[in-house]
Amino acid sequence: MSGGALKLRDLRKLADSRAAFEFEIPVDKLPDIPPEFGSGDGQVQAQVRFGREQGFAVADVELRARLQVICQRCMAPMPLVLEAHSPVLLVETEREADEAPAGWETILAPEGRLSLAALVAEELRLAVPIVPVHADPAACGVQAARADVAGEAAEQGAMARPFAELRALLGQRDGKAGN
Ligand SMILES: [Zn+2]
């Protein structure tokens, strides 16, 4: 139901009827996410359950996503599997967000309307690490690049140069000793 996930919905009604949805949507169909997130053919499986808490509309958002992010160490794309589960309070204005009970994460739904995809996109953005990096050092391009440079240097015989420099140093010292 990825088409239905994009439809604007009246969250107040969904909260009153305690509506629940379960759907799967391609990451690149989510609104307002960084373009790289969806460039790896990623999918999000989501469960959204609406309800009421202290008069506010709330949603319990559970998601499992496979997306693509940019490693901030080697700047290469890397796959990221995420699982997130959190209740959010749905507010219609910034002022309502200020009045929200403490400890709740709030999501702004102007005029009480938001698509399920927008809700999931918001939750996904919050779940992605601020500075994602390859967890496996062997997979990270920065480590691989260092190994390549060392390998090339050895192949080109550059490793012999320190000895040449050492000989030069010894030569100088010998020269001084001779004086
Ligand atoms: Zn990396």
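Computed from a predicted structure; not experimentally measured. (Residues numbered from 1 in each chain as written. Predicted model: local features only at pLDDT ≥ 70, side-chain atom pairs only at ≥ 80, totals over all residues.)

## Some details on the overall build of the chain
Quick note on the threshold: Only DSSP runs of H or I reaching four residues or more are called helices, and only runs of E reaching two or more are called strands; each is numbered from the N terminus. Counting other C-beta atoms within 10 Å of its own, a residue is labelled buried from 20 upward, exposed at 12 or fewer, and partly exposed in the gap between, with every C-beta atom placed from the backbone. The contact criterion used is a C-beta to C-beta distance within 7 Å, with each C-beta placed from the backbone.
Scanning the chain from N- to C-terminus turns up 6 helices and 7 strands. Within the span of the chain, comprising 179 residues, buried residues form 21% of the whole. When contacts within the chain are restricted to residue pairs at least 6 apart in sequence, those whose partners lie at least 24 apart make up 61%.

## Digging into the nonpolar core
Inclusion rule: Each nonpolar core reported here comprises buried Ala, Val, Leu, Ile, Met, Phe, Trp, Tyr and Cys residues connected via C-beta atoms within 7 Å.
Formed by 33 residues in total, the largest nonpolar core has its most connected members in Leu11, Val44, Leu90, Ala117, Leu119 and Val120. For this core, the secondary-structure elements that each account for two or more residues are α2 (11–16), β3 (43–53), β4 (56–70), β5 (77–91) and α4 (116–127). Looking at this core element by element, the count peaks at 8 residues for β4. Leaving out residues up to four positions away in the same chain, Leu90 has contacts with Leu11, Phe56, Ala57, Val58, Ala59, Ile107 and Ala109.

## Observations concerning the confidence of the model for the chain
Applicable threshold: Each residue carries a pLDDT score, the predictor's confidence in it, ranging from 0 to 100.
Per-residue confidence for the chain averages 85 on the pLDDT scale, and 78% of its residues sit at or above 70. Here residues 175–179 is modelled with pLDDT under 50, and outside its nearest four sequence neighbours on either side it reaches 0 contacts, counting other chains as well.

## Focus: the environment of Ala59
Relative to the helices and strands, Ala59 resides in strand β4. With 26 C-beta atoms counted inside 10 Å, the residue Ala59 sits in the buried group. Put simply, Ala59 and Val88 are 29 residues apart on the chain and 5.3 Å apart in space, counted from C-alpha to C-alpha. With sequence-adjacent residues up to four places away left out, Ala59 is seen in contact with Val48, Arg49, Phe50, Val88, Leu90 and Leu119.

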